Structure formats: structure tokens, C-alpha cells
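# Fold and geometry: a report
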Amino acid sequence: MAILVRRSNLLAPITDTERVNQAWQSDADAITLDLEDGVVETRKAEARGLVKEAIALAGQGGAEVFVRVNAALLHADLDASVWPGICGIMLPRVASAAEVAEAVEQMTALERRRGLAAGALELIVLLESARGVWDIRSIVTASPRITQVGLDESDLACDLGITPLPEYDPHVYARGRLVIEATAAKVQPIGITYPLGVHPRRLSAAEIHRMSTGARNLGMKGVLCPDPRWVAPVNAAFTPTADLVAYNKRVREVFAGAVAAGTAAVPLDGRMIDVPVDEWAKVVLAMADACDARDAQKRAARAMPALAPLQGH
Amino acid sequence: MATHQVHRSGLTMPVVTRRFVDHAWRRGCDFINLDLEDSVPQHLKAHARGLIKDAIPVVRKGGAEAFTRINHDYVHADLDAIVWPGLSKVNYPKAETAEEIRLLDAVITRLERERGIRPGTVEIGANIETATGVAAAYDIASASPRVKEFGGGTGYDMSRDLGVEMFVGFEQFAYGKGELELAARALGLEVRAAPFVANTTGSVSDADRAFREAQAARKCGFRLGGGLNPAVVEPQNRGFTPTAEEVEDARWVLERHRELSRTGDMWIAIDGRVIDRYEAARARDTLEWAALCAERDREKAEAVLRTRAAMAEPAPPTSGDS
């Protein structure tokens, strides 16, 4: 099965022309044009009118393009977002499978009307309530369109009645449940280490890299990036390093040698190499290849002549 | 409350590696886990199966219980080859559904009947090594009365399933371990778990670490050990067994608590230490566990003596036996 490489997903508020114009140069694996929290209440209708033109612009660097809709304005937002060129919809504030089904029904109709292949559009769902976290299993299995699921940690804290302190992580259980249930459903869990999910802020690239590595070590497969400066360290954190690739090639060699000699358990540098270690080595090497391929795709797309930027409003 | 079996230490070994199997009885383990799964190369699976029946009495010569870890994908062939008198447990890897456990139970029940084994003798160890397994933890643990110990949710397979590099820390396992432990406690099963003493080195032969981990686990109420290298057996036996001082202290607590019932008080503080019914229950647990450990150690010592005597009679001892 092909590996989905969506390490970084850069949020660009659709009404922020400069951000939308620059997003494609960021090397993000995905770009999400935001109609929701990044757009003030009074500009929602205007924002909808900007989506169609922004899609091609956001996608010209090879990023997958998503649109984050408002749960409360679902129909109008979906109607404004489903155009050729988008990869899917980011659906926030999901608390039940019924909400997923409602979005899917309209997406299916729009695919037909706008000439997209049936079932082509993906869904990234965000859980923001205790109800959503508790019912995650029925939510992530509600549609095969769902490829990623994350928590909106600040809204979740709000729902739980918590004012989060940076030194105490209130979402250990929710994050653990997210990773287990998503993985069991073959959906990618996404997120970053506490407290960045709750308090996104400017940090050095090294800090972002460290916290993304922490997220990867929890089982997360990517990070929603509120700032283009997050993209490079996030991509790096989710890409196997050259050292790791070299080590795992060695594991495969040593293990193959052991099997030829009649055992499937052999020591290497004080560790025991057996079937699961060799299986993991395959995963790492396949992931490294998939990341390389994805990066090459984006490089090729960026080498094409650029589209004209959108005019400011 | 579970009746505790004594499984402080045990070695998992490929049944195809003859020298491991032959020497297993000398290691002082509470159990030996003969592996048909990950440490046996694919092309040797059939050969390995054929070795289990004879290996069972060999690894029990030192008083250890004999377990076998089968392959998730070869349940029928593996069970048919391993359920023989002397086998205590089948470890089933990558358990994901209650249905799988019920199937194991049915096959084992039939084989016990056919082979003259007392019904219910062979336990099932349901190893949870995937996210799907964690998600179905309670159903799996309650699928058969043969499941008596339950837990896990860590390790290489789990890391791989989560897409996490092994030996980076243990936070990725916190939720799964918690779910499994809750399921086990709710069902009154022995919990296979450990506190987070993160072994991020990947070393399987560090005796000091094994001792510290066993000691820490026991203090958190866990009693099950096991490993891959003979160097960790003695430290685990020691770490999971209450020390003489702890036994002494438990007796002292119970004595003070008995005095309380005479005066009618609920609790008393002696030098800042509270003695109440919770402390008394804990002390009783310690004494009970210490007695079980002592009994198990006696059994093993007797088995070793018997084996040595039997070896000495017909032929002179080979080098390395003493």
C-alpha cells in the first residue's frame, strides 16, 4: 500500500492574501485554505468567494490543497470549496459520525456536479470536545474518505473547562486515545507535542523540530502548521534521517545473514534483532523512499513557471 | 482479587536453538517460553513445531513452567504440535479480537481431551501488540477463562503498528498500557505491566537495570517478569521477591493493626507513619506473595536436585554440570 506522506499541513487564512500567495513556496506537503478560525465572522461570505481562485495558486508547489470549513456554515462553505484541484476538506468540531455523514453526502453530490471523480475528496477531521474524543471510533470509521484525524487542543481544553497551564498537559489521555483508535482504523493521527497544540507560538526551528519529533514518537504522522516557518522543521522531523536509513539497512543485512544461518534472533550492537525489528527496518526504509519521492514531486512542481498572485483586498 | 501465580522471570527462546533449550533448566526461571514465532525463521517453522513436544520436559527439569509462543497465522498447526502434557500456557501474539481467543480456547479444549490433559490446564496468554488489540482489550481479556494474565501493549510490534521508532521513550504506550491494565483489573486478572522505567538503550542483558525494573514494578503492584537473556533471570527473581526487611516490616504493620482493633481505633500514626486497614491489607499481600515466592523457589531447588541426581547416576557428569 502506498504510504501517505503528509508531514506538514500549512494553514493559510483565505482572507490573508499575502499568506495565501506565499504558501506554495513553503515546501508544505499540504496547504489548508482556512475559512474557519482564521477568518473573522464578518468576512465569512467574502472569504467563500476567494476559495476557487486560491486553489490553483496554493497547489502550484505540489502541495495537496484542503479547505477548512465552518461546522456551522457547512453547506455554504462546502459549496464554495469543492472545485477541481482540491484534495479534500478539513472538517472541524466533529462530535459524531452523523456529522461526518452529513458532510460526505454533500461532498458526493458536489463531486458529481463539479466533475470530480466520485469518492476522490478526502476528509481530515478535527475533534474538539469530550464527546468527539469518546466517540472517536465511530467517527473515524464513518467514511473511507477520512485519512487523518487530529485534536483541536485549545477548543478541547475549553470544552473540558480547562485553562491549560504550559507545564501540565491535560490531553495525555485524549492524545493516546486518538493515536490508538486512529491507528486501529488505519487513519493517520496528527498533532504536535504539548503545549504547542494549545499555545501555538513562534519558536526556533530547532524547538519545532524537537516538538515534532516528540509527536512522531507518540505515533503522530503530521502536524498542522499555523506558520510557514514550522514547515521545514516539521518535514525534517517526520523524515527518516540518513543515519537512521543507514542503520536500518544494516539491520536488514544482519538479519538476512542470521536467517541464512538458521536463526531469526541475532544480536547487533547489544540489541536483539528479530522479525519485528526487521519488519520495522522495512517500514523506515519505505518511509524514507516515500518522503524522497514526495519531496522530488514538490521540487519539480516549484520549478514550473509561477502563477500570478492574487490581488489584495 | 486474582490468585497469584509466580511468574517473576522467564526466558523466551527460539525452540530451534538447541543449546538454549538444553541449558534452560539451569537458569532459575519461573517459566520458559519456547518460541515458534518471531525468533524462528520462516523456513524452519515446520521443523520448530516438531521440536516442542520433546522440549517441554527438557525445559521443566529445573522446575520452570513450560510455555510456547505460537504464530498468529498458524494457530491450528502450531496448537496441534504443542498442546501436550507439561505445557502450562500458549502465548498468542498480536491478539486483535475476542473471536481469535474463543477459537484458541475451542482447539485447546479438544486437544486437552484427546491427549489426556486435565481440562482447563493450558492457559492462554493474549499478547496485545497492535492498536486494534488495544481497542478491543476488554473483549479479548474476557473471551476465555484460560486468560489469567493480561497486559502489555508495548514492544516492537506495537511501536511498528504506531509507526514509532523503538527506544525513543515510552509515552506512546501510556494510553494502551492504561487501557489494558484497567481491563485486567476489572476482570480480576493478573496484570502484565511495568511502571515506566524507560529502557531506551534496547539492551536485553543489563542485570542492574533488570533488578531496578523488577523492584519498581513490584512496588507498583506488578509481579510478572520475563526476558531474553539469562543475565536478567536472577535479578528479576530477586527484584520481584519481597526482601527479608519488607517481610519483617509487614509483620510489624499487622501486629500494630491488630493492636488497633483491640482499642477500637481506625488508625494510628507511629513516628509519622499511618497504620490503617489499607496498610494492613498491603502488608498481608506482601506476606502472601513472599510465601508464594518461597514455595516456588523451594520447588525449583528440589527439581534441580532431582535432575542433577538423575544425571549423576547413569553416567559421570559432563563438564559444566556442577
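Below or above, wherever it landed, is the structure these notes cover. As a convention, each chain's residues are numbered from 1 in the sequence order in which they are written. To label them, take the chains in the order written and letter them from A, then take the ligands in the order written and number them from 1. Local features in this predicted model are restricted to residues whose pLDDT is 70 or higher, and side-chain atom pairs enter the listing and the counts only when it is 80 or higher, whereas totals over whole chains, interfaces and linings include all residues. Only hydrogens and water are set aside; all other atoms, that is, all heavy atoms of the structure, feed into the side-chain values.

### Overview of the overall build of chain B
Of regular secondary structure, chain B possesses 12 helices and 9 strands. In this description the radius of gyration comes from C-alpha coordinates, and the expected globular size is given by 2.2 Å times residues to the power 0.38. In summary, chain B has a C-alpha radius of gyration of 21 Å against a globular reference of 20 Å for 322 residues, a match within 12%. For chain B, the spread of C-alpha atoms along the three principal axes comes to 70 × 55 × 45 Å. The buried share of chain B, reckoned over its 322 residues, is 50%. Here a residue-residue contact requires only that any non-hydrogen atoms of the pair lie within 4.5 Å. Pairs at least 24 apart in sequence give 67% of the contacts found in chain B among residues at least 6 apart. In the form shown here, chain B has an accessible surface area of approximately 14,900 Å², with 53% of it arising from carbon and sulfur atoms. A distance of 4 Å separates the average location of the 43 positive side-chain charges in chain B from that of its 49 negative side-chain charges. Secondary structure elements follow DSSP: runs of H or I no shorter than four residues count as helices, runs of E no shorter than two count as strands, and numbering proceeds from the N terminus. Here's how the labels work: a residue is buried when its accessible area is under 20% of the maximum for its type, exposed when over 50%, partly exposed in between, all with a 1.4 Å probe on protein chains only. Where accessible areas are quoted, they stem from the Shrake-Rupley method and a 1.4 Å probe; at the residue level, only the protein chains shown are allowed to cover. For the purpose of charge, His is not counted, nor are the chain termini; Lys and Arg are scored as positive and Asp and Glu as negative. Where a charge lies is defined by one atom per residue type: Lys uses NZ, Arg uses CZ, Asp uses CG and Glu uses CD.

### Considerations on the packing of helix H4 (residues 74-81) of chain A against helix H5 (residues 97-113) of chain A
All names here are of chain A. H5 packs onto H4 with a crossing angle of 30 degrees between their chain directions and a minimal axis gap of 10 Å. Considering their axes alone, H4 and H5 lie roughly parallel with respect to each other. Read as a crossing pair, H4 and H5 show a hand that is right-handed. Taken together, the residues of H5 that come into contact with H4 (itself represented by Leu74, His75, Leu78 and Asp79) are Glu102, Ala103, Gln106, Met107, Leu110 and Arg113. Geometry is summarised by axes, namely lines fitted to C-alpha atoms with helices restricted to the contacting stretch, and by angles between N-to-C directions that run from 0 to 180 degrees. In what follows, roughly perpendicular refers to angles from 65 to 115 degrees, roughly parallel to angles under 35, roughly antiparallel to angles over 145, and oblique to any angle outside these ranges. Helix crossings fall into two classes, left-handed where the near helix is turned counterclockwise from the far one by less than a right angle and right-handed where it is turned clockwise.

### Quick look at the interface of chain A and chain B
Opposite the 31 residues of chain A that make contact, chain B presents 34 residues. Between chain A and chain B, the buried area comes to about 2,700 Å², and carbon and sulfur atoms account for 64% of it. Summed over the three residues of chain A that lose the most area to chain B, namely Ile180, Arg271 and Trp280 of chain A, the buried surface amounts to 24% of that side. Nitrogen and oxygen atoms within 3.5 Å of one another constitute a polar contact, given that in protein one can donate a hydrogen and the other can accept it, and given that sequence-neighbouring residues count only through two side-chain atoms. Viewed at the interface, chain B and chain A are joined by 6 residue pairs in polar contact (both at pLDDT 80 or more). Elements with a contribution of two residues or more to the side of chain A that touches chain B: helix H9 (172-184), helix H10 (205-218), helix H12 (242-260), strand E10 (271-273) and helix H13 (275-302) of chain A. Residue contributions to the side of chain A that touches chain B peak at 8 residues, all from H9 of chain A. As a working definition, buried area equals the accessible area (1.4 Å probe) given up by two parts on being put together, with both sides summed.

### Quick notes on the nonpolar core
Put simply, a nonpolar core is a bunch of buried Ala, Val, Leu, Ile, Met, Phe, Trp, Tyr and Cys residues held in one set by side-chain atoms that sit within 4.5 Å of each other. Counting 132 residues, the largest nonpolar core has Leu33 of chain A together with Leu79, Ile82, Ile101 and Phe150 of chain B as the members making the most contacts within it. When residues in this core are grouped by element, the largest group, 6 residues, is from helix H4 (residues 98-114) of chain B. Every residue in contact with Ile82 of chain B, bar those within four places of it in the chain, is listed here: Leu36, Ile52, Ile56, Thr68, Ile70, Leu87 and Val90 of chain B. Counting residues in each nonpolar core, the second largest holds 12 residues, with Val251, Ala258, Ala264 and Val277 of chain A among its members.

### A short note on the packing of aromatic side chains
Two rings belonging to Phe, Tyr or Trp (six-membered ring only in the last case) form a pair when the distance between their centres is within 6.5 Å. Interplanar angles under 30 degrees mark stacking, angles over 60 mark edge-to-face geometry, and anything in between is tilted. The final tally for this structure, using the stated rule, is 3 aromatic pairs over all chains. Between Tyr173 of chain A and Tyr175 of chain B the ring centres are 5.0 Å apart and the planes differ by 65 degrees, which places this aromatic pair in the edge-to-face class. Of this pair, Tyr173 of chain A sits in helix H9 while Tyr175 of chain B sits in helix H8 (residues 174-186), which puts the two residues in different chains. Overall, the relative accessible area of 8% leaves Tyr175 of chain B in the buried class. It is Lys52 of chain A that lies over the ring of Trp83 of chain A; its NZ or CZ is 4.0 Å from the centre. Ring-over charges, as used throughout, are those where CZ of Arg or NZ of Lys falls within 6 Å of the ring centre and within 35 degrees of the ring normal. A cation over a ring is seen here: Arg115 of chain B above Trp84 of chain B, with NZ or CZ 3.8 Å from the ring centre.

### Digging into helix H3 (residues 51-59) of chain A
Along H3 of chain A, the positions that sit buried rather than exposed are Val51, Ala54, Ile55, Leu57 and Ala58 of chain A. On its buried face, H3 of chain A sits against helix H1 (17-23), strand E2 (30-34), helix H2 (44-48), strand E3 (64-68) and H4 of chain A.

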